[in-house]
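Breakdown of the fold
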Amino acid sequence: MHLDVATLLAAAADQGSSTAFPWLSASILFPIGAALCIPFVPDNGDGKQVRWFALGVALITFLITVGAYLNGYDPSNPDLQLVEKVSWLPDLGLEWSVGADGISMPLILLTSFITALAVLAAWPVSFKPKLFYFLLLAMDGGQIAVFAVQDMLLFFLAWELELIPVYLLLAIWGGKKRQYAATKFILYTAGSSLFILLAGLAMAFYGGEISFNYTDLMAKGFSVKFQLLAYAGLLIAFGVKLPIVPLHTWLPDAHGEATAPVHMLLAGILLKMGGYALLRFNCQILPDGHAVFAPLLVVLGVVNIIYAALTSFAQRNLKRKIAYSSISHMGFVLIGIGSFSALGSSGAMLQMISHGLIGASLFFLVGATYDRTHTLQLDEMGGVGQKMRKMFALWTVCSLASLALPGMSGFVSELMVFVGFATDDAYTLPFRVAIDGLAAIGVILTPIYLLSMLREIFYGQEKAELVGHTNLVDAEPREIYIIGCLLVPIIGIGLYPRLMTDSYKASMEVLVAKDERAMKAMNAPAGAGLIRQAPLTAPALAG
């Protein structure tokens with residue numbers, strides 16, 4: 001168990017790796033190993049030296065993930081690639097096993113990309129800078145591990161590893177209510193993680209042969225009742241992280257107290273872990289359970305969209321407004337996952353990637369605006385557009401991306417979910433019309449609350465107290481660069497979606513075909529041994 005980074009990388013290259021270089025192991029272990037070296041980085045205490053070290057590590061990690069995509073990943077291959085295995089505890093069937101397919105590779109790239117920008121966003125941090133950057137780099141490796149590992153016990157360990165840095169980043173560098181927000185976060189996420197451990201152990205020991213490997217779990221042939229129980233437990237665990245209403249209340253509090261770099265990691269990566277896990281475990285390993293629960297996911301997605309959009313509309317705190325907007329947008333992910341069409345499921349994946357980029361950009365701008373105005377209350381803002389014209393332009397473009405303006409990535413992803421679900425023959429026409437109609441309410445509300453938010457911040461008469469007591473400097477080159485890096489893929493995907501969809505299309509088609517077969521088999525008349533081809537009603541699926 002006591003393997004150092006160099007030994008583990010070498011072993012991964014020799015044992016079962018599908019490439020000459022262990023790309024995925026390097027992308028996980030390099031930032032974690034570098035984080036452990038931070039205490040030895042010479043620094044005067046103001047963070048000016050350690051931040052360059054952290055930025056270099058984050059950029060190298062991003063280049064490693066890009067190298068993995070370019071040198072060892074074939075988008076047209078739906079199977080697991082970049083496989084690396086090292087025997088760890090053979091008596092328990094535990095091994096260091098990593099790999100990537102279309103479900104995980106785009107999110108691995110997203111993680112390393114957002115983390116590198118978050119390190120750059122943390123440039124002004126001067127309080128305990130070594131600990132701050134240590135936690136950012138540890139999160140980088142831990143979150144990549146969540147998407148890359150192919151062993152459920154390793155997945156659980158990586159899932160838990162990510163909780164500690166987020167808790168500390170909230171509790172130490174957060175706002176006035178940081179202790180409350182951090183405690184609430186850890187109670188929700190750590191408590192729900194017990195369901196992952198219980199479900200993982202149950203699946204590993206099912207059938208007598210102990211194995212935590214995803215491939216072995218998919219081949220075990222779990223009974224329907226077992227799948228339903230495991231699916232329900234995992235849905236709670238992953239629903240907290242997504243988050244699904246009513247398991248969402250930790251998120252507005254966490255965002256309300258977090259700093260800009262932590263915002264970017266929460267919105268850009270953390271929420272996507274829940275969506276990824278639903279696809280990987282609930283859809284791929286428990287297809288019969290998914291056939292029963294899929295309509296519930298669709299209904300919960302609509303609840304997310306409408307409830308969170310209405311709540312965001314009513315918020316007067318800028319951070320909480322954007323936080324509820326994130327919850328609303330993740331509702332489209334749920335609808336896409338609950339769909340039995342390749343287009344709808346592909347839209348869910350693209351929505352995760354798109355929202356990761358857009359959410360990170362909006363929350364970074366929230367932090368930058370707060371640094372200037374020293375307030376988050378919209379009632380205390382107004383008329384700052386003349387003094388901060390570049391900031392106003394950045395806010396406008398990112399808000400248009402969030403409201404799904406054509407030409408932006410959000411428009412393509414939401415349209416794919418809408419059309420994919422509307423053409424999904426697994427559900428009856430009235431149910432599809434009702435779901436798409438209700439989801440459209442969120443699409444209508446989003447531009448209303450985002451554009452009104454821009455009006456309250458930048459238009460109107462200047463607030464004398466705001467202008468007189470703050471330094472309303474315009475956007476700095478560093479801030480423009482960060483937003484520019486996020487806008488390039490947002491606009492690129494919006495204009496040519498195949499830049500991203502081709503990277504996971506093959507894997508998603510195989511996954512959807514598997515779930516569709518399970519759905520048809522579950523709905524076949526008892527004892528007939530035939531697959532019913534007629535469209536299914538939501539109650540029939542749910543029952």
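My aim in this report is to walk through the structure given alongside it, one point at a time. (Residues numbered from 1 in each chain as written. Predicted model: local features only at pLDDT ≥ 70, side-chain atom pairs only at ≥ 80, totals over all residues. Heavy atoms only, no water.)

**Here we look at the overall build of the chain**
Helices and strands together make up the secondary structure of the chain, namely 22 helices and 2 strands. Scaling as 2.2 N^0.38, a compact globule of 543 residues should have a C-alpha radius of gyration of about 24 Å, and the chain matches this with 23 Å. Taken along the three principal axes of its C-alpha coordinates, the chain extends 80 × 60 × 40 Å. A burial count over the chain gives 61% of its 543 residues as buried. Accessible area for the chain stands at about 19900 Å²; split by element, carbon and sulfur atoms hold 67% of it. Of the charged side chains in the chain, 32 are positive and 36 negative, and the gap between their average positions amounts to 8 Å. (Helix = DSSP H or I, 4+ residues; strand = E, 2+ residues; numbered from the N terminus. Rg over C-alpha atoms; globule rule 2.2 N^0.38 Å. Buried < 20%, exposed > 50% of the residue type's maximum accessible area, 1.4 Å probe, protein only. Areas by Shrake-Rupley, 256 points an atom, 1.4 Å probe, with all protein chains shown as cover. Lys, Arg positive; Asp, Glu negative; His and termini not counted. Charge placed at Lys NZ, Arg CZ, Asp CG, Glu CD.)

**Focus: the pattern of salt bridges**
Applying the stated criterion across every chain yields a total of 10 salt bridges. For Lys 241, the salt bridge is made with Glu 162, and the minimal N-O distance between the two is 3.2 Å. With Lys 241 in helix H9 (residues 224–241) and Glu 162 in helix H6 (residues 152–173), this residue pair connects regions lying 79 residues apart in the sequence. Among the residues examined, Lys 241 registers a relative accessible area of 1% and is labelled buried. (Salt bridge = Lys/Arg side-chain N within 4 Å of Asp/Glu carboxyl O.)

**Section: the environment of Gly 484**
Following the sequence through the fold, Gly 484 ends up in helix H19 (residues 477–495). Along the sequence, Gly 484 and Leu 297 sit 187 residues apart, while their C-alpha atoms lie 35 Å from each other.

**A short note on helix H14 (residues 342–373)**
The end-to-end C-alpha separation of H14 is 46 Å, in line with the 46 Å expected for 32 residues at 1.5 Å each. Summarising burial for H14: 28 of the 32 residues are buried, a large majority. Trailing H14 by a residue or two, His 374 shows a phi angle of about 60°, which is positive. (Expected span 1.5 Å × (residues − 1).)

**Looking at the nonpolar core**
If you look at the biggest cluster of nonpolar residues, it comprises 171 residues, and the most contacted ones within it are Ile 114, Phe 155, Phe 238 and Trp 395. At 17 residues, helix H11 (residues 260–285) tops the list of elements feeding residues into this core. If near-sequence neighbours (up to four positions away) are discounted, Phe 155 is found in contact with Val 146, Val 149, Ile 196, Tyr 214, Phe 238, Tyr 276, Ala 277 and Phe 281. (Core = buried A, V, L, I, M, F, W, Y, C linked by side-chain atoms within 4.5 Å. Contact = heavy atoms within 4.5 Å.)

**Focus: the environment of Ala 439**
The topology assignment puts Ala 439 in helix H17 (residues 429–458). With relative accessibility at 1%, the residue Ala 439 sits in the buried group. In the structure, Ala 439 is positioned 104 residues away from Ile 335 in sequence and 9.2 Å away in space, judged by C-alpha atoms. If we ignore the near neighbours within four places in the chain, the residues touching Ala 439 are Ile 305, Phe 332, Ile 335 and Phe 418.

**Digging into the packing of H6 against H11**
Two elements in contact, H6 and H11, have axes whose closest approach is 12 Å; the angle formed by their N-to-C orientations is 160°. Put simply, H6 runs roughly antiparallel to H11. The handedness of the crossing between H6 and H11 comes out as left-handed. Residue-level inspection shows Met 152, Phe 155, Trp 159, Glu 162, Val 166, Leu 169 and Leu 170 of H6 in contact with H11, the latter providing Val 262, Leu 266, Leu 270, Met 273, Gly 274, Tyr 276, Ala 277 and Phe 281. (Axes fitted to C-alpha atoms, helices over the stretch in contact; angles between N-to-C directions. Parallel < 35°, antiparallel > 145°, perpendicular 65-115°, else oblique. Left-handed = near helix turned anticlockwise from the far one by under 90°.)

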